[in-house]
2 protein chains.
Amino acid sequence: MISQKAKYALRALIALAEMKTASVSAAELAQSERIPRKFLEQILTELKREGIVQSRRGATGGYSLLMPADTITFGRILRLIDGPIAPLPCLSRTAYRRCEDCRSESACGVRRVFADVAISARAVLDGATIADALTDPSFLVQNRLIPERA
Amino acid sequence: MISQKAKYALRALIALAEMKTASVSAAELAQSERIPRKFLEQILTELKREGIVQSRRGATGGYSLLMPADTITFGRILRLIDGPIAPLPCLSRTAYRRCEDCRSESACGVRRVFADVAISARAVLDGATIADALTDPSFLVQNRLIPERA
DNA sequence: ACAAAGTCCATCGGATCGATAGGTTTTCAA
DNA sequence: TTGAAAACCTATCGATCCGATGGACTTTGT
């Protein structure tokens, strides 16, 4: 199960991608997406630090995407918010950690099985982008973000 | 990330499958697998309640598999110990729950992407069994639990 | 100057995780 | 028949995480 926070982050990015307007305030975004405002602010700040989102302070300030929606992968957001995608620490590429009590990594049957899970999960999550998740299909076609939905 | 408890459960089952002897005490199993004994007892009790493992009480008591190792899937153990495999509650087959704040399930872009993750994760986990994870390959061949390792 | 908005940091209640502890019941063997 | 070994049951614990809230501060446009 992914965290609520990661869901919020993804939905916020999708909403930002759908907005034509230059920027949206956290308050507006919170209301339209039904996300607790202060919590959303934290999330957006993280996304900003990652360089995914841009902010402008002061009155008329707000947030906007800093990169094209079809270059922001689910995998990147998930790793940022929830940590490694791999189901075992010893299978993470981005945050490898040896399993404390494991005798031999190469002989570990549990690891062998979960390696397959990790591979396929990564394939999906590093392949899917915010653009793939936009709610209005006509938007996708109009903007040529995806060729067509398979 | 799967829980430590699920890892213990899988390792315990693998160890039980590898044992030729009729039954093993929790204490022995705990020592050989380096799992906290009392914690392991809880796990084995759960596995027993599920009908995966058998127990005999009293002196000379212990645990043994109640079904062939190649019929015990990773998916089953994971669901028992860690809960649903699906990354979103609204994608779980075994424990479906609507996402509280979701407007429309069918229009949810996040859901669409994670549906693919769920499908592939299930394919792997419901396909892999304890027999697939046994450490000693010769055991597998000898007992014809798998034809050969791909 | 003031209001609106982002930023920073602390805290909080509740849940979960990993484990430990102690007592009870069953069983076997001496 | 009694004592040890083992499963079984329930409670509790400390640490961490999760989801969220609050307040103080800074920046910015009008």
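Remember, predicted model here, so these are calculated numbers, not experimental data.

Quick notes on the packing of aromatic side chains
Residue and element names in this part refer to chain A. As enumerated under the stated definition, the model contains four aromatic pairs over all chains in all. With a centroid separation of 5.8 Å and 90° between ring planes, the pair formed by Tyr 8 and Phe 39 is classed as edge-to-face. With Tyr 8 in helix α1 (residues 4-18) and Phe 39 in helix α3 (residues 37-49), this pair connects stretches of sequence that are 31 residues apart.

Details of the protein's contact with DNA strand D
Neighbouring DNA strand D are 27 residues, the closest being Lys 38 and Gln 42 of chain A together with Ala 26, Lys 48 and Ser 55 of chain B. Protein-proximal atoms of DNA strand D, defined as those within 4 Å of the protein, fall in sugar or phosphate at a share of 65%. Within the contact set of DNA strand D, a base nitrogen lies 3.3 Å away from a side-chain nitrogen or oxygen of Lys 38 of chain B. Within the side chain of Tyr 63 of chain B, one N or O atom sits 2.9 Å away from a phosphate oxygen of DNA strand D. Listing elements by their share of the surface near DNA strand D, those giving two or more residues are α1 and α3 of chain A together with α3 (37-49), β1 (53-56) and β2 (62-65) of chain B. Residue contributions to the surface near DNA strand D peak at five residues, all from α3 of chain B. Broken down by class, the residue content of the surface near DNA strand D amounts to seven nonpolar, eleven polar and nine charged.

Notes on the protein's contact with DNA strand C
Near DNA strand C, the surroundings consist of 28 residues, among which Glu 41, Lys 48 and Ser 55 of chain A together with Lys 38 and Gln 42 of chain B are the closest. One of the side-chain nitrogen or oxygen atoms of Tyr 8 of chain B is found 3.0 Å away from a phosphate oxygen of DNA strand C. Only α3, β1 (53-56) and β2 (62-65) of chain A together with α1 (4-18) and α3 of chain B provide two or more residues apiece to the surface near DNA strand C. Examining the composition of the surface near DNA strand C, we find that five residues originate from one element, α3 of chain A, more than from any other.

Criteria and cut-off values
- Residues numbered from 1 in each chain as written.
- Chains lettered and ligands numbered in written order.
- Predicted model: local features only at pLDDT ≥ 70, side-chain atom pairs only at ≥ 80, totals over all residues.
- Heavy atoms only, no water.
- Phe/Tyr/Trp six-rings, centres within 6.5 Å; stacked < 30°, edge-to-face > 60°.
- Helix = DSSP H or I, 4+ residues; strand = E, 2+ residues; numbered from the N terminus.
- Near = heavy atom within 4 Å.
- Polar contact = N/O pair within 3.5 Å; in protein donor to acceptor, adjacent residues only side chain to side chain.
- Nonpolar A, V, L, I, M, F, W, Y, C, P; charged D, E, K, R; others polar.

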